[in-house]
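Fold and contact review
Listed below, chain by chain, are the residues.
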Amino acid sequence: MTDTITPPPLDEHQIIAERRAKLTAARAQGQAYPNDFRRTDLAADLQRDHADQQNDVLEAAPRAVRIAGRMLLKRVMGKACFGTLQDMSGRMQIYVALDLVGAETLDAFKRWDLGDLLGVEGTLFRTKTGELTVKATSVRLLSKSLRPLPEKFHGLTDQEQKYRQRYVDLITNPESRDVFVKRSQIVQAIRTFFVQRGYLEVETPMMHPIPGGAAAKPFVTHHNALDMELYLRIAPELYLKKLVVGGFEKVFEINRNFRNEGISTRHNPEFTMIEFYEAYQDYNYLMDLTEELLRGVAQQVLGTTSITYQGNAIDLGKPFDRLTLAQAIHQYHPHHSLADLAQPDYLRAALAKTGTETYPTDGLGVLQLKLFEAGTEDKLMQPTFIVAHPTDVSPLARASDADPAVTDRFELFITGREIANGFSELNDPEDQAARFTAQAKAKEAGDEEAMFFDADYIRALEYGLPPTAGEGIGIDRLVMLLTDSPSIRDVILFPQLRNSDV
RNA sequence: GGGUGGUUAGCUCAGCCGGUAGAGCAGCGGACUUUUAAUCCGUUGGUCGCGAGUUCGAAUCUCGCACCACCUACCA
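All values derive from a computational prediction rather than experimental measurement. (Residues numbered from 1 in each chain as written. Chains lettered and ligands numbered in written order. Predicted model: local features only at pLDDT ≥ 70, side-chain atom pairs only at ≥ 80, totals over all residues. Heavy atoms only, no water.)

1. So, the nonpolar core
Nonpolar side chains tend toward joint burial in soluble globular proteins. Our working rule: Residues belong to a common nonpolar core when they are buried Ala, Val, Leu, Ile, Met, Phe, Trp, Tyr or Cys residues joined through side-chain atoms within 4.5 Å. A simple rule labels every residue: compare its accessible area, found with a 1.4 Å probe on the protein chains alone, to the largest value its type can have, and call it buried under 20%, exposed over 50%, or partly exposed in between. Numbering goes from the N terminus for both helices and strands, where a helix is a DSSP run of H or I of at least four residues and a strand is a run of E of at least two. In this description, contact between two residues means that some pair of their heavy atoms is separated by no more than 4.5 Å.
Of all hydrophobic cores here, the largest spans 44 residues; its most connected members are Ile190, Phe194, Ile274 and Phe276. Ranked by residues supplied to this core, first place goes to helix H9 (residues 283-302) with 9 residues. Dropping the residues within four chain positions of it, phenylalanine 276 is found in contact with Phe194, Tyr199, Val251, Phe252, Leu286, Leu289, Ala469, Gly470, Glu471 and Ile473.

Rendered as structure tokens:
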């Protein structure tokens, strides 16, 4: 501590100035930010443990408690006051009366502000109206809050401020807290699911000399000591498969990916994925596993597999549909017959009507994919696996034995959004090298998202990757689904926003 | 990248047929020993996002810029 006065912030105004004056007065009384108060109780535990006890029971055998929290409501009435404290678990009312705490403490309490952090000792009782309350024998100011909280009834509603000052959002809006508590529970449930199945959780590099594992534009940075360019990873895929080569036959990683692309309600530059790989399994196994995972997580975190997303009922309990691109297009647009959808010329004509650009090099599969994306993808409300993606756009997936033009791959769509992507891995090093060469050519031709030729990955495959199935699930989008959140920013604590002047 | 809407007190919002800015909450002063969005009386607080223009006069009309939201495009 020093005696130097902190320069007032640029947005200092009357309320802050008044609170700062109270802080200065508190400093004159002694330590203004004490750290010797130890709580013994959390609000929610007390509410739960004493839910059934009437006041006569509580008064007969007084329960001594020590709680701490932020004061969100205060009702001053002459010689007795009520306040509402909030801690990480919930809220608890406190009662501060002259005959129990004395005039000095009562006067001090009256000057404390909403937002101040208090420590309270006392006993439990129940008020006339039946609310469990701590009757204070002592109240202390533990941290002065210099900035006023948002309006106590409406909380913070301004979207920008909710994102930029998430801490204020979390203080005042229980719905926001709930989303992030659920997010934590969802991630924990996923982690447990894989650990219980014998998977090893690993951490692979976030900085890659060659960005790989997905088609996306990377962020670039520079390592000074090595004097080399490094890329923030766009996916952990290639590293995880190297671990399978190394003998870790079931691995998963839950971590951030970074993609230097647009920002929207469904895209944040850094987002969280789980990727998992299991040797001696294929993509059909993954689809079964994915259904089991999503059902289990929803049941565990929400207590149900029937959920609502933005007004649409979604049933995670039923077996998920499994359709090829052509089958999905036909199902939602029956005027396209399956025979038509197998004709490249027909597809080109249909795409021309939707204004979608096509290239002479687009094969049947790519044309189907484009038509799917142009008007079917967003209609897949209920969980649907789209299987057999074209080999041309799946450079890391194993080609189908029955038809090498497509891969043993699926994408899972729910509410019209891609939630997961998985496939039987391409483990033939010569095929993989050829696919990388094709990608490298596309990159030279100007495709910014085409992949690099990754020689170390080919070398790993040359040691022998067992037949393996691998999948990625977008955690943010899954959390959006399970918390009924309309924007990815609602499920990321500190979403990326443009710079602002504080 | 394109379109639409928003930006007024610390917060939630009115005011927008151009005439010098309002409410509730919070704050400040006062009353009140079971309140709970406490109540009652009094009261402080504003570069109306920023910059230009039209006008005797702009929160209000016009143009530009910034940021936010939504839609759209892009994006495995």
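Picking up where we left off.
2. Side note on unusual backbone geometry
Residues other than glycine seldom take positive phi values, yet tyrosine 280 does so here, at roughly 65°. Here tyrosine 280 is to be found in the loop between strand E11 (270-279) and H9. Since its relative accessible area comes to 53%, tyrosine 280 is described here as exposed. If you check the backbone angles, aspartate 484 has positive phi at about 55° while not being a glycine. Judged by relative accessible area, aspartate 484 falls into the partly exposed class, the value being 33%.

3. Looking at the protein's contact with RNA strand B
This is how it is decided: Throughout, the term near means that a residue has one or more heavy atoms lying within 4 Å of the molecule or strand in question. By the criterion applied in these results, polar contacts are pairs of N or O atoms within 3.5 Å in which, for protein atoms, one can donate a hydrogen and the other can accept it, and in which residues neighboring in sequence qualify only through two side-chain atoms. Classification convention: Asp, Glu, Lys, Arg as charged; Ala, Val, Leu, Ile, Met, Phe, Trp, Tyr, Cys, Pro as nonpolar; all other residues, Gly among them, as polar.
For RNA strand B, the set of nearby residues contains 53 residues, the closest of which are Glu18, Lys128, Thr129, Glu261 and His267. For RNA strand B, the fraction of atoms within 4 Å of the protein that belong to sugar or phosphate moieties is 58%. Taking arginine 164, its side chain carries an N or O atom lying 3.2 Å from a sugar or linking oxygen of RNA strand B. Secondary structure elements with two or more residues in the surface near RNA strand B: helix H1 (14-29), strand E1 (64-77), strand E2 (80-86), strand E3 (91-97), helix H5 (159-164) and strand E17 (417-424). Each residue belonging to the surface near RNA strand B can be placed in one class, and the counts come to 17 nonpolar, 16 polar and 20 charged.

4. Some thoughts on the pairing of strand E18 (residues 468-474)
Spelled out, the test is: DSSP-based pairing: two strands are paired if at least 2 bridges between them are found.
With 7 of 7 residues buried, E18 is to be regarded as a mostly interior element. Neither face of E18 is open: one carries Thr468, Gly470, Gly472 and Gly474, the other Ala469, Glu471 and Ile473, and all of them are buried. Inspection of the sheet shows E11 paired to E18 by 7 bridges, in the antiparallel sense. Paired with glutamate 275 across the bridge in E18 is glycine 472.

5. Focus on the sheet that holds E1
Note on sheets: strands pair through backbone hydrogen bonds, and any given pair is parallel or antiparallel. The condition that has to hold: Axis definition: a line fit to C-alpha positions, over the contact stretch in the case of helices; interaxial angles, taken between N-to-C directions, run 0 to 180 degrees.
On the basis of which strands lie adjacent, the closed barrel formed by 5 strands has the order E1-E2-E3-E5-E4 and mixed pairing. Looking at each pair of strands side by side, their axes are set apart by 55° on average, direction ignored. Direction of pairing for E1 relative to strand E4 (residues 117-126): antiparallel, over a ladder of 7 bridges. Following the sheet pairing, arginine 70 is matched in E4 by leucine 117. The strands touched by helix H4 (residues 98-111) within the sheet are E1, E2, E3, E4 and strand E5 (132-143), with E3 carrying the most contacts at an inclination of about 110°.

6. Here we look at a nonpolar patch on the surface
Spelled out, the test is: Residues enter patches when their relative accessible area tops 30% and they take part in no salt bridge; the joining distance is 9 Å for like charges and 5 Å for the nonpolar side chains Val, Leu, Ile, Met, Phe, Trp and Tyr. What sets the accessible areas is the Shrake-Rupley method with a 1.4 Å probe; for residues, cover comes only from the shown protein chains. One side-chain nitrogen of Lys or Arg within 4 Å of one carboxyl oxygen of Asp or Glu is enough to make a salt bridge.
Among the surface-exposed residues, Tyr167, Leu493 and Phe494 lie close enough to one another that they form a single nonpolar patch of about 330 Å² accessible area. Its place among the elements puts leucine 493 in the segment after helix H15 (475-483).

7. Some details on helix H11 (residues 344-354)
Just so we agree on the cut-off: The arc in question is traced by the directions running from the helix axis to the C-beta atoms.
Those residues of H11 lying buried are Leu347, Ala350 and Leu351. Along the axis of H11, the buried residues cluster in a sector spanning 100°; they form a single face. Seen from the open side of H11, the exposed residues pointing more than 90 degrees away from its buried face are Asp345, Ala352 and Lys353. Those residues of H11 hidden inside the fold are in contact with helix H12 (364-375).

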